[in-house]
Amino acid sequence: MGGLTIGPVPTLSSDDAFAEVKAKVDLVKVVQEHVRLTKRNKDFWGLCPFHQEDSPSFKVNPQMQSWYCFGCERSGDVFTFVELIEKTDKRGALQLLAERAGVELKKLSPDQRERADLRKRVLDMLKLAAQYYEYVLWQTPAGEPGRRLLESRRVGEETARRFQLGYAPAGRGFAEYLRAKQRSLADAQEAGLMRRDGTDFFAERLVIPIRDERGQALAFTARTVRADEQRKYINSPETPSYIKGRVIFALDLARDEITRRGHAVLMEGQFDVITSHHYGVTNAVASSGTALTDDQVRLLKRFTDELLLVFDSDRAGRAAMRKAATLAAAHGMRTRVVILPDAKDPDEFLRAAGPDAATRWEDLVARAASGFEAGMAEDSAGLNPSNPNQVELVAGRLRDWIRQFPEGLRDGYAEAAERHTGISRHLLLRDPEPAPIPRPTNGLAGRVAGKKLSAGSYLVQLLAVRPVAFERVRPMLTPQELDQSDRAIFVRMLESYERGGPSGLEAELAGYPPEEQDLIRRAWAAPPPNVDDEVAVELAERIRLDHMKGRHSGIIRELSEAERGRDSDMVARLEAEARELGRAIQEMERRG
């Protein structure tokens, strides 16, 4: 550190650059753009954005400007967070944060500079275009067709300005505007705003910006104002700034209300959402003109655990509802489904309701069934229980529907379907055909051939043939861990064994209910494939593991309710139970 020397211009790896950026950005604010955080004492907690979880294990320490996830055990500072969330490297994270903090980086690698400059120019051009279109809509005679369209849809100026709606006139108006501002026409083409001949890509259309959750315009969708135009909507192409399967329309406007109400209202079309916000349904969003994706579900899960699905009433809308319900369930989210009476979509329903829209909407929300129940009602509509062919047809549909949900939910859904239709839950959960014979292994799977048995049924048959195996099973398993269908006979056989030893079952069999006598005699006549003690142990372990997974799913559901009710004591207790049970499940699976 002697006399002054002039060294090279600082590069991205410069410690000074990292230190200056880190001093100017707040980790909590950066994380909050991606994760819904709740303050507990001095720290902030939320669902980890880097792995799937149902209870918050991601902690941000504002004093240390550090974060740590107790679930996936990742940790770091603001740079490592941005690296992971933006799927970039350390240099890319520095560049993104430097732009945010207003720190000038003097030297960039050529590839990094080219990519960053292109993305920045595209985003700047989209922002400029949104301002231009909005000005044309409200301040010029050329915007009159757009204003008439909004009036016909009963969308007021206040709502339209919240969404920054605009109008693209015919001709080359945007190109002329760019020339006057000495801006690049090539950038406008790169952003999907202009054709090569200089005409506006969205000419004679009402233009709707598609923004990210922070309000940055990424693309546009545009509705024609001409009756003779066959394409009602056209959309921006994907660009360096826009991948449509990762964006939720109106999330920037709805995110606070979603958090406050505890659910997001997911619709199909942008105009459905705009109309909904106009009538007070300000937690409404849409999937940005594409079928719901994993990335979009993960984005929504940062703000809520529940989606209210309001799709069109046609066949495509019903199919979209079913896909959304199963996709959300795979990410640990609940769904409910609003059925619109006498309307094809939310836009039509709310406009027809007029001044009563808010009241009628709340009535529909209060009656909304779960996503599973909505699909079940559709599959069983018109069922005649006295017609065996209809029963088997509906059972097949419901089996397929139940199987699309995570395994931990299926038993509960089968019970709900049994209550709704009268079809046995066992019929609804059975495999549609015998399972294929697995390849031989050292474990239980290699010993089961032919028709697939549940672990509980296999164990009961094994114990009927080899009662002495109770000595190995009894310390490992409680009756409550078996399915209800196997529990009663297991308890009765165990009591017979405790009273009379290995011969107790045969001595007391005449006192068993007829169906249990029949089951035991069939096991004696045709024993299961393997009846040694080690198989009994493996079966007991599998039954116990399945029971623990079911308990874990139940605790997660209780935790979601406790979080919605803001019961902090209950949340803390359930989080501890879920963690302890999760560790026990992992340990059992490792041993297995």
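Residues numbered from 1 in each chain as written. Predicted model: local features only at pLDDT ≥ 70, side-chain atom pairs only at ≥ 80, totals over all residues. Heavy atoms only, no water.

Chemist: An account of helix 10 (residues 251-261) is needed here, citing residue identities and associated values.
Modeler: Since one α-helical turn is 3.6 residues long, residues separated by three or four positions face the same way. Every buried residue belonging to helix 10 is among L251, D252, A254, R255, E257 and I258, and all of these are buried. Buried residues along helix 10 sit against helix 2 (27-32), strand 7 (205-211), strand 10 (264-267), helix 11 (270-278), strand 11 (284-286) and helix 12 (294-301). Looking at the residues trailing helix 10, positive phi occurs at G262, about 85°. (Buried < 20%, exposed > 50% of the residue type's maximum accessible area, 1.4 Å probe, protein only. Helix = DSSP H or I, 4+ residues; strand = E, 2+ residues; numbered from the N terminus. Contact = heavy atoms within 4.5 Å.)

Chemist: So, helix 15 (residues 357-367): which residues are in play, and what are the values?
Modeler: Looking at helix 15, one finds that the buried residues are A357, W361, L364 and V365. Angularly, the buried residues of helix 15 cover 100° about the axis, an arc narrow enough to put them on a single face. Projecting away from the buried face of helix 15 at angles above 90 degrees are the exposed residues T359, A366 and R367. Packed against the buried residues of helix 15 are strand 10, strand 12 (306-310), strand 13 (334-337) and helix 14 (346-353). (Arc of directions from axis to C-beta.)

Chemist: Which residues make up unusual backbone geometry, and what values do they have?
Modeler: The phi angle at A250 is positive, at roughly 75°, despite the residue not being glycine. As for its position among the elements, A250 is in the loop between strand 9 (233-235) and helix 10.

Chemist: Describe in detail the side chain of R153, supporting the description with residues and values.
Modeler: On the secondary structure map, R153 appears in the loop between helix 6 (144-152) and helix 7 (157-162). Residue R153 is classed as buried on the basis of its relative accessible area, which comes to 13%. A polar atom in the side chain of R153 sits 2.7 Å from the side chain of D347. Excluding its chain neighbours within four sequence positions, the residues that come into contact with R153 are R223, F271, D347 and R351. (Polar contact = N/O pair within 3.5 Å; in protein donor to acceptor, adjacent residues only side chain to side chain.)

Chemist: Account for the side chain of D43, naming residues and giving values.
Modeler: Secondary-structure assignment places D43 in strand 2 (residues 43-46). The buried category is assigned to D43, whose relative accessible area is 16%. Ignoring sequence-local partners within four residues, the contact set of D43 consists of T38, K59, V60, N61 and P62.

Chemist: An account of the sheet that holds strand 8 (residues 217-224) is requested, with residue identities and associated values reported.
Modeler: The four strands are arranged 6-7-8-9 in an open sheet whose pairing can be described as antiparallel. Strand pairing shows two members of the sheet lacking a second neighbour, strand 6 (166-168) and strand 9, which therefore form its edges. Strand-to-strand twist of the sheet, defined as the mean angle between neighbouring strand axes without regard to direction, takes the value 35°. Alignment of strand 8 against strand 9, held across three bridges, turns out to be antiparallel. Bridge pairing in strand 9 links A222 to I234. Its contacts with the sheet put helix 11 on strand 7, strand 8 and strand 9, and the angle it makes with strand 7 is roughly 85°. (Pairing = 2+ DSSP bridges. Axes fitted to C-alpha atoms, helices over the stretch in contact; angles between N-to-C directions.)

Chemist: Requested: an account of the nonpolar core, with residues and values cited.
Modeler: Counting residues in hydrophobic clusters, the biggest one holds 64 residues, and the most contacted among them are L193 and W361. The element best represented in this core is helix 5 (residues 110-139), accounting for 12 residues. Counting 39 residues, the second-largest nonpolar core is a separate cluster that includes V285, L292, L309 and A414. (Core = buried A, V, L, I, M, F, W, Y, C linked by side-chain atoms within 4.5 Å.)

Chemist: So what's going on with the sheet that holds strand 1 (residues 38-40)? Which residues, and what values?
Modeler: Taken in spatial order, the five strands line up as 1-2-3-4-5 in an open sheet, and their pairing is antiparallel. The open sheet has two edge strands, strand 1 and strand 5 (75-76), and neither has a second partner. As paired strands, strand 2 and strand 3 (residues 58-61) are joined by three bridges and run antiparallel to one another. Counterpart to G46 in the pairing with strand 3 is F58. Where helix 3 (residues 78-85) meets the sheet, its contacts fall on strand 3, strand 4 (66-69) and strand 5, and the angle it forms with strand 4 comes to roughly 50°.

It is worth stressing that arrangement in space is one thing and function is another; only the former is reported here.
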